[in-house]
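Listed here are the chains, written in short residue letters.
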Protein chains: 2
Amino acid sequence: MSRTVAILGATGQVGRTMLALLEERAFPLSGLRLLASPRQSGRTLRFRGAVVPVEPVTAEGFRGVGIALFAVKNALAQEWAPVARAAGAVVIDNSSAYRYDDAVPLVVPEVNGDLLDARPTLVANPNCSAAPVVLALAALQPLATLQRLVVSTYQSVSGAGTAALDELERGVRHGLAGSRPPARLDGGPAFAYNCIPQIDRFEDNGYTREEMKVVWETRKILRLPGLPVTVTAVRVPVRIGHSAAVHAHFDRPVTPDAARAAWRTFPGLEVADDPARMVYPMPLDVAGRDAVIVGRARVDLTDPNGLAFFAVSDNLRKGAALNAVQIAERWLVGPTVAR
Amino acid sequence: MSRTVAILGATGQVGRTMLALLEERAFPLSGLRLLASPRQSGRTLRFRGAVVPVEPVTAEGFRGVGIALFAVKNALAQEWAPVARAAGAVVIDNSSAYRYDDAVPLVVPEVNGDLLDARPTLVANPNCSAAPVVLALAALQPLATLQRLVVSTYQSVSGAGTAALDELERGVRHGLAGSRPPARLDGGPAFAYNCIPQIDRFEDNGYTREEMKVVWETRKILRLPGLPVTVTAVRVPVRIGHSAAVHAHFDRPVTPDAARAAWRTFPGLEVADDPARMVYPMPLDVAGRDAVIVGRARVDLTDPNGLAFFAVSDNLRKGAALNAVQIAERWLVGPTVAR
C-alpha cells in the first residue's frame, strides 16, 4: 500500500498532535497531506523541517493516500470516510461516528490490536477517557475477570478543542483580576476555577454521551459486552491530561501489589505509586508523554474483590493522536504472532 | 450561658468565614473575641462596622466566653479545647482532633442535631467533603437503607488554606506565561492546571486520611457504623467549592425523581438538575452560598438499587464555618421537638 499519510483536521489539537507524533516516531511515510475544512486551510504547518500547506479537503486530496488519520467531528468523518476509502485509503477515525458499529473495529493496539490483522479499511479510535482506563484494566485481565466498573473522570480542557483552551485562559485572567469567570462564548459555563459535570450532550438515561462512550467502549475493547459500567465525566480546569478514579470489581481479589506488577510489564503503562514519597499519577506530569500512568492502587473498601486506582494520560496522545498513529503503525506491520 | 463568642483561628479561611457568617446571620452574640496564634495576632478584622483586634490566644482569652468556635489545626485544637472548656465555654471544633472520639458528637445539624440536646461542651464539626455528601444522603434515608457508598471528590484549593490559594495563583500566572507551574513552597505538587490525588497524609491501607475522614464521618453522622464506603479524594484547581461524584447503593431502588423530591424538601439542600437546560451543580455557582446543591441524579448503571449524583458545596461554608455556626445556633436554642 501507499505510504502517503493524510491528516484530516490537521489544524486542531488532535491533528497537530498527530503531526508531531509522525515526526517524533519517525513514521515510515513517503508523502504527507494536511487537510482541513476550507475555513482552516491556507495555513501551513512544519513537518521534519519542511513547511507543509494545509489544503481544503476534497476527494482529490485522498488520491494516492494509504492511511488517512481523521481528527474531525462526527459529521465530517461520516462525510469523508467513504470518500477516502473509495480512493483506496485506510481510515483511522478519531471521531465517535463509527465506534459503536459492530462492523468497525475499535482498537487500542496493546489490547486488541489483533483486530487489525484482518486488514480493516476503517478503524475507530477510542474516546480520550476510555483508552487509558481500558489499557489499565486490560493489564489486569490475566489476573481475574472484571465484573463491575465505576469510573469518575477529571477531564482537561484541551479535550474540548483549541477554542476551549482560549476560553480557559480568558476565564483564568478574569479570576486573577478578581472577577467571576464569565460564561463561554458558546453559552456554556466557564471552564476556569470550575468543575462541569457535563461533557457532550445528555442521553435519555440521564448520562452524558461522554459517560456512555466510556461504558460502550470499555465493553467493546475489553470484549466484555455485558460488563456493568457506570461513569461520571467531569471537565476540570486542567489544560492537558485526563485523570480517572477507577473502582474495578473482579471475581477474585486483585491485590495492589499484583496490579502494580501487571501494570509494570504491560506495554503503554507506567506505574507511579509510592505514596510515602508523594509519587502518584498527575496530569501535569503526563502532558506531552506517551505512557498512561497508573497508581493509587488500593483495595476497594466496599469489596474485597475490588481494586481502586487512579490513571492519567495525555488526552491528546494516548487518548487520541498517539493511539491513532499506533493503529497506523500496527496496520502497516501486518499480521503478527499473538501477544 | 454567656453569649460571648470566641473564634480561635480568626484570620484563616474558615475563621474569617465564621466571622462573616456571624454577621450575615445576625447571630445573637453579646461579645466577640478574635483569637489566633501570636504570629497572626496584632491584625484587626471588621465585624458589624467595628474594628476588632485579633488577640494572641491565652487561657485568659476564653474567660467569660460562652461559645468558642475553633478553626485551627489538630494540635492547637487539642491544646486549647480543654482550656476553653475549663473556662466554661462550649467548644465547636472544626479540626479532626475529636471527630472520631465516641464521646464527642460529630454534628451536621439537619441530620443529627438532636445530639446537641444533651448539651455537650465539646462538639466536632465534620470534614468539608463529608458534610455535603452526608446531607444529600440523609435526605434519602426515609426512602431506603443505604448499603454501600462510592465517592470521588473534586476539592478546591481553599480547603488547603490561604497560602494554598496564593500558590494556586502563582502557578496559574506561570501557566499563563507559558511555563509549567512550579512545585509549591512546601514541596508539594503544583495546584494550577493539575489534579492531585493526595489530600492529607497516607494511611497504611493506601487511602489518604482525607479519604478515610469521609468514610469514618459518613458512618458516624448517618449512624451506620458498618456502612461500606470507599473514597478517592482529589484536589482540583478550583478556588472555592468542593464537588463529589457519589454512587449510593440502597436496599431497594431510589429513583432520580424520588431523590429530587426528597432533596427539595430537606433543609440545607437545593436541587439543580435539569440537564436539558444545562442545569447541574457546579462549584462556581455555589461559592459564597449556604446550600449544598445536588443534581445529575440517575440510576447507577451497575445496580438497579444504585443512585448516582453530583453534589457541590462551598467548602468554607457548609463544609466548615456555616456548619459550625449552625451548631452554635442550635446549641443556644436548646432541646426541641424531634424533626
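Residues numbered from 1 in each chain as written. Chains lettered and ligands numbered in written order. Predicted model: local features only at pLDDT ≥ 70, side-chain atom pairs only at ≥ 80, totals over all residues.

**What about the overall build of chain A?**
A tally of regular secondary structure across chain A gives 9 helices and 13 strands. For chain A, the C-alpha radius of gyration of 20 Å lies close to 20 Å, the compact-globule estimate for 339 residues. Buried positions account for 58% of the 339 residues belonging to chain A. A fraction of 67% describes how many contacts in chain A between residues 6 or more apart in sequence connect residues 24 or more apart. (Helix = DSSP H or I, 4+ residues; strand = E, 2+ residues; numbered from the N terminus. Rg over C-alpha atoms; globule rule 2.2 N^0.38 Å. Buried ≥ 20, exposed ≤ 12 C-beta atoms within 10 Å, placed from the backbone. Contact = placed C-beta atoms within 7 Å.)

**Regarding the interface of chain A and chain B**
As a measure of interface size, the accessible area lost when the parts come together is often cited. Contacts between the two partners involve 50 residues from chain A and, on the opposite side, 50 residues from chain B. Of all the secondary-structure elements, those providing two or more residues to the side of chain A that touches chain B are β8 (146-155), α5 (162-176), β9 (229-235), β10 (242-250), α8 (283-286), β12 (292-299) and β13 (306-313) of chain A.

**Considerations on the relation of the copies chain A and chain B**
Two chain copies here: they are related by a rotation about an axis and a translation along the same axis. With an RMSD of 0.0 Å, the operation that places chain A on chain B is a rotation of 180 degrees combined with a shift of 0.0 Å along the axis. On this basis, the relationship between the two copies can be described by a two-fold rotation axis. Mapped onto chain B, 100% of the interface residues of chain A again fall at the interface, so both copies present the same surface. (Least-squares fit on C-alpha atoms with pLDDT ≥ 70 in both.)

**Digging into the pairing of β12(A)**
Residues and elements named next belong to chain A. Of all 8 residues in β12, 7 are buried; the element is thus mostly enclosed. Sheet analysis places strand β11 (residues 269-271) next to β12, joined by 3 bridges and oriented parallel. By the bridge assignment for β12, E270 is matched with I293. Pairing of β12 with β13 involves 5 bridges; the strand directions are antiparallel. Residue V294 lies in a different strand from β13, and its bridge partner there is A311. Connecting β12 to the next strand, β13, in antiparallel fashion are 6 residues. (Pairing = 2+ DSSP bridges.)

**Considerations on helix α5 (residues 162-176) of chain B**
In this model α5(B) runs 21 Å from its N-terminal to its C-terminal C-alpha over 15 residues, within 8% of the 21 Å that 1.5 Å per residue would give. Those residues of α5(B) lying buried are A164(B), E167(B), L168(B), G171(B), V172(B) and G175(B). One face of α5(B) carries all of its buried residues, which in axial projection span an arc of 135 degrees. Those residues of α5(B) hidden inside the fold are in contact with α5 of chain A. Of the residues flanking the end of α5(B), it is G178(B), one or two places downstream, whose phi is positive at about 95 degrees. (Expected span 1.5 Å × (residues − 1). Arc of directions from axis to C-beta.)

**Thoughts on the sheet that holds strand β4 (residues 50-56) of chain B**
All names here are of chain B. Across the sheet, which stays open at both edges, the 7 strands sit in the order β3-β4-β2-β1-β5-β6-β7 with mixed pairing between neighbours. What marks the edges here is a single partner per strand, and that holds for β3 (44-47) and β7 (122-124). Each adjacent strand pair in this sheet contributes to an overall mean axis angle of 25 degrees, direction not counted. Packed onto the sheet, helix α9 (residues 317-333) meets β5 (67-70), β6 (90-93) and β7 and runs at close to 155 degrees relative to β6. (Axes fitted to C-alpha atoms, helices over the stretch in contact; angles between N-to-C directions.)

**Let's talk about the packing of α5(A) against α5(B)**
It is at 11 Å that the axes of α5(A) and α5(B) come closest, and there the two elements cross at 140 degrees. Put simply, α5(A) runs oblique to α5(B). Helix-helix and strand crossings are classified by hand; for α5(A) and α5(B) the assignment is left-handed. From α5(A), E169(A), V172(A) and L176(A) reach across to α5(B), where they touch E169(B), V172(B) and L176(B). Here the contact of α5(A) with α5(B) is composed, by residue class, of 4 nonpolar, no polar and 2 charged. (Parallel < 35°, antiparallel > 145°, perpendicular 65-115°, else oblique. Left-handed = near helix turned anticlockwise from the far one by under 90°. Nonpolar A, V, L, I, M, F, W, Y, C, P; charged D, E, K, R; others polar.)

**A few points about α9(B)**
Residue and element names in this part refer to chain B. The first and last C-alpha atoms of α9 sit only 21 Å apart over 17 residues, clearly below the 24 Å expected at 1.5 Å per residue. Helix geometry: α9 is bent most strongly at N323, by close to 40 degrees. For α9, a buried count of 13 out of 17 residues is recorded, marking the element as mostly surrounded by other parts of the structure. Phi turns positive one or two residues past the end of α9, at G334, with a value near 85 degrees. (Bend = angle between axes of the 7 residues up to and from the residue.)

**As for the sheet that holds strand β6 (residues 90-93) of chain A**
All names here are of chain A. Read across the sheet, 7 strands follow the order β3-β4-β2-β1-β5-β6-β7 without closing on themselves; strand pairing throughout is mixed. Looking along the sheet, the strands with just one partner apiece sit at the ends: β3 (44-47) and β7 (122-124). Taken pair by pair, the neighbouring strands of this sheet meet at an average axis angle of 25 degrees, ignoring direction. Of the pairings in the sheet, the one linking β6 to β7 comprises 3 bridges and is parallel in character. Among the inter-strand pairings, V91 is bridged to a residue of β7, identified as L122. The strands touched by helix α2 (residues 74-86) within the sheet are β1 (4-8), β5 (67-70), β6 and β7, with β6 carrying the most contacts at an inclination of about 160 degrees.

**What to know about the environment of R184(A)**
Residues and elements named next belong to chain A. Within the secondary structure layout, R184 lies in the loop between α5 and α6 (209-222). Exposure remark for R184: the 20 C-beta atoms within 10 Å place this residue in the buried category. As for R184 and A164, which are separated by 20 residues in sequence, their C-alpha atoms are 8.6 Å apart.

**Thoughts on the domain arrangement of chain A**
Residues and elements named next belong to chain A. We note that the domain assignment places domain 1 (4-126 + 320-333) and domain 2 (130-156 + 195-315) within chain A. Summarising the inter-unit geometry, the C-alpha centres of domain 1 and domain 2 are found 26 Å apart. Across the boundary between the two partners, domain 1 contributes 12 residues, which contact 15 residues of domain 2. Those elements giving two or more residues to the side of domain 1 that touches domain 2 turn out to be α3 (109-112) and α9 (317-333). Here the side of domain 1 that touches domain 2 is composed, by residue class, of 7 nonpolar, 3 polar and 2 charged. (Domains from an automatic or database assignment.)

**Some thoughts on the environment of D290(A)**
Residues and elements named next belong to chain A. By the element assignment, D290 lies in the loop between α8 and β12. Sequence separation of D290 and A177 is 113 residues, and the distance between their C-alpha atoms is 36 Å. When sequence neighbours within four positions are dropped, the list of residues in contact with D290 reads R317, K318 and L322.

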